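# Overview (structure and organization)
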Amino acid sequence: MQTTSEPEISPDTVVRALSARFPRWTIWWGKATSHYWGLSRRRDGVLVYVEAHSAREFMQRAREIDSHHP
């Protein structure tokens, strides 16, 4: 029986896609942690960050932060 699987998308490709979607964020993949990380400076100068296990989790958390802290 042959099984098919979807090709894995490289973290670099995911980071580029996330960066395009969230231009106010600096986003990277932590090779040691296998997590996505992001940092953004709010208008009041405060730095906020996200650490997420997946791109989906990163998007959810970044959207939540952006909606509460423009």
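Presented here is an overview of the structure given in this document. From a predicted model like this one, the values you see are computed outputs, not experimental measurements.

Criteria and thresholds
- Residues numbered from 1 in each chain as written.
- Predicted model: local features only at pLDDT ≥ 70, side-chain atom pairs only at ≥ 80, totals over all residues.
- Heavy atoms only, no water.
- Patch = residues over 30% accessible without salt bridge, like charges linked within 9 Å, V, L, I, M, F, W, Y side chains within 5 Å.
- Areas by Shrake-Rupley, 256 points an atom, 1.4 Å probe, with all protein chains shown as cover.
- Salt bridge = Lys/Arg side-chain N within 4 Å of Asp/Glu carboxyl O.
- Helix = DSSP H or I, 4+ residues; strand = E, 2+ residues; numbered from the N terminus.
- Polar contact = N/O pair within 3.5 Å; in protein donor to acceptor, adjacent residues only side chain to side chain.
- Phe/Tyr/Trp six-rings, centres within 6.5 Å; stacked < 30°, edge-to-face > 60°.
- Buried < 20%, exposed > 50% of the residue type's maximum accessible area, 1.4 Å probe, protein only.
- Contact = heavy atoms within 4.5 Å.

### Notes on a nonpolar patch on the surface
Residues W28, L39, L47 and Y49 make up a contiguous nonpolar surface patch of roughly 400 Å² in combined accessible area. Looking at where L47 falls in the secondary structure, it is placed in strand β3 (residues 47-52).

### Focus: the side chain of R42
Within the secondary structure, R42 is located in the loop between β2 (35-41) and β3. Only 2.8 Å separates the side chain of R42 from the side chain of D66, close enough to count as a polar contact.

### Topic: the packing of aromatic side chains
All told, the structure shown has five aromatic pairs when counted by the stated rule. Ring plane angle 80° and centroid distance 6.0 Å describe the contact between F22 and F58, whose orientation is recorded as edge-to-face. Placement of F22 in the loop between α1 (11-21) and β1 (25-30) and of F58 in helix α2 (residues 55-68) is noted, with a sequence separation of 36 residues between them. For the residue pair F22 and F58, the accessibility class agrees, reading buried in each case.

### Section: the environment of H53
Locating H53 in the fold gives a position in the loop between β3 and α2. Since its relative accessible area comes to 58%, H53 is described here as exposed. With 17 residues separating them in the primary sequence, H53 and Y36 have C-alpha atoms 6.3 Å apart. Dropping the residues within four chain positions of it, H53 is found in contact with S34, H35 and Y36.

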